[in-house]
Amino acid sequence: MERVIGVIGGSGVYQMEGLEEARWQAVETPWGAPSDEILTGRVAGMRMAFLPRHGRGHVHSPSSVPYRANIDAMKRLGVSDLVAVSACGSFREDMAPGDFVIVDQFIDRTYQREKSFFGAGCVAHVAFANPTCPTLSAACLTAALDAGITVHDGGTYVAMEGPQFSTRAESEMHRAWGADLIGMTAMPEAKLAREAELCYASVAMVTDYDAWHDGHEAVDVASVIATLTGNVGKAQALIAALAPLLGPEHGACQGGCDHALDHALMTAPAKRDTDLVAKLDAVAGRVL
Ligand SMILES: CSC[C@H]1O[C@H](OP(=O)(O)O)[C@H](O)[C@@H]1O
Ligand SMILES: Nc1ncnc2[nH]cnc12
């Protein structure tokens, strides 16, 4: 299968430099409009698709991001490997502002979002113990090292609803849980990517120490932006280094991401809701 790299850019990442044949294109989905048009083009001869999660001009809040439309649109464009870039607060002294983390676990504390493509009339339960793709994550780690970025291999990301940042008590609680990072957008994005059988990697850019650190001011937007300004170039360099590492052919995924739906569907074919099945054409057409 052809490898197509998708990139979802987070806060501060609204553009993707260095794409050949670049053009912004509107993609319609049965789940509504994505956050913005999608920038498509080529890097190292491979197709790439870039979507700013909050839209250009930062229009969507973490709760209003159309996560299902975004993932469906990526799948519809043929994306096989999806890299999500996110600004995050850190619960660890050694994960300092400016560092990158290849996230490998999540704790979902969001409560106001549509979290599945499936539901009444077509029920599915995908495995999610290992929520990121090991192959794509390893490639992101190598790409970050190649780009000269200080990067940590593995980390647990708490997804909070927001939009307000955490209280000090919440920050200390998340830290006591053993979490490493906090942000507002990785969920349900990672869950939906798994349902859509995409290889998904989460690249966190640490922007602050949230609200627990006695030696640092509690997070606010100004501090996030100040750190992001110096880091967007690093994210672009990581993505540029990634394409040649992966190569143009997407072989069978070692983590099974590309077959996540093999044993997930529960609803008997005769009992399936035809309208919902029609909406699932891109996401689950392989098994429906
Ligand atoms: C601008 S600070 C809070 C904002 O930044 C992060 O966005 P993203 O994950 O899309 O990079 C965080 O999740 C909040 O949405
Ligand atoms: N401390 C923090 N909490 C939630 N989202 C963030 N995004 C960047 N820093 C954050």
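As the structure is a prediction and not an experimental result, all values here were calculated from the model.

Quick look at the site of ligand 2 now. In the vicinity of ligand 2 lie 13 residues, with A87, G89, T207, D208 and D210 positioned nearest. Note that a nitrogen atom of ligand 2 is positioned 3.3 Å from one of the backbone N or O atoms of G89. Measuring from a nitrogen atom of ligand 2, one finds a side-chain N or O atom of D208 at 2.6 Å. Counting residues per element, the ones that place at least two in the shell around ligand 2 are β5 (81-90), β10 (181-183) and β11 (199-208). Ranked by residues supplied to the shell around ligand 2, first place goes to β5 with three residues.

What follows deals with the state of the cysteines. Within the structure shown, the criterion is met by zero disulfides. This cysteine, C133, is not joined by any disulfide, and C199 carries the nearest cysteine sulfur, 3.7 Å off. Residue classification places C133 among the buried positions, given a relative accessible area of 1%. Here C253 is not cross-linked by a disulfide; its sulfur's nearest cysteine counterpart is in C257, at 3.6 Å.

With the rule as written, the count across this model stands at four aromatic pairs. Consider the rings of W24 and F50, whose centres lie 6.5 Å apart with planes at 70°: the pair is edge-to-face. Taken together, the residues W24 in strand β2 (residues 20-25) and F50 in strand β4 (residues 46-52) connect sequence positions 26 residues apart. Ring geometry for W31 against F117: centres 5.3 Å apart, planes inclined by 65°, an arrangement best described as edge-to-face. One end of the pair, W31, is in the loop between β2 and β3 (38-43); the other, F117, is in the loop between β7 (105-108) and α2 (134-146), with 86 residues separating them in the sequence. By the burial criterion, W31 is buried, and F117 matches it. Cation over ring: R56 sits above W24, and NZ or CZ is 3.7 Å from the ring centre. When the ring centre of W212 is taken as reference, the NZ or CZ atom of R175 above it lies at 3.6 Å.

We now examine the UniProt feature "binding site: phosphate" (unreviewed entry) in the protein. Under the UniProt annotation, "binding site: phosphate" (unreviewed entry) lies at S11, R53, H54, S86, A87 and T185. Taken together, the annotated residues stretch across 175 residues yet fold into one region, lying no more than 12.2 Å apart by C-alpha. Here S11 is in contact with H54, H58, A87 and L228, once residues within four sequence places are set aside. Locating R53 in the fold gives a position in the loop between β4 and α1 (67-76). In contact with R53, not counting residues within four places along its chain, are I8, G9, G10, S35, H60, V65, N70, A84, V85, S86, T185 and E189.

If you trace the backbone, T207 turns up in strand β11. Within polar-contact distance, the side chain of T207 engages the side chain of D208 at 2.6 Å.

Here the focus is the nonpolar core. Within the largest apolar cluster, 45 residues are counted, with the highest numbers of intra-cluster contacts made by I71, F117, L181 and L280. Setting aside its immediate chain neighbours within four residues, L280 contacts W31, F117, F118, C122, G285 and L288. Among the nonpolar cores identified, the runner-up in size contains 40 residues, and V13, A144, I239 and L242 belong to it.

Moving on, we come to the environment of W24. Taking the relative accessible area as the measure of exposure, W24 reaches 23% and is therefore partly exposed. The sequence separation of W24 and G247 amounts to 223 residues, and the corresponding C-alpha distance is 24 Å. Non-local contacts of W24, meaning those with residues more than four positions away in its chain, are made with Y14, Q15, E37, I38, L39, F50, P52 and R56.

Rules of the game
- Residues numbered from 1 in each chain as written.
- Chains lettered and ligands numbered in written order.
- Predicted model: local features only at pLDDT ≥ 70, side-chain atom pairs only at ≥ 80, totals over all residues.
- Heavy atoms only, no water.
- Near = heavy atom within 4 Å.
- Polar contact = N/O pair within 3.5 Å; in protein donor to acceptor, adjacent residues only side chain to side chain.
- Helix = DSSP H or I, 4+ residues; strand = E, 2+ residues; numbered from the N terminus.
- Disulfide = S-S within 2.5 Å.
- Buried < 20%, exposed > 50% of the residue type's maximum accessible area, 1.4 Å probe, protein only.
- Phe/Tyr/Trp six-rings, centres within 6.5 Å; stacked < 30°, edge-to-face > 60°.
- Lys NZ or Arg CZ within 6 Å of the ring centre and 35° of its normal.
- UniProt positions renumbered as here; feature names shortened; annotations may be inferred.
- Contact = heavy atoms within 4.5 Å.
- Core = buried A, V, L, I, M, F, W, Y, C linked by side-chain atoms within 4.5 Å.

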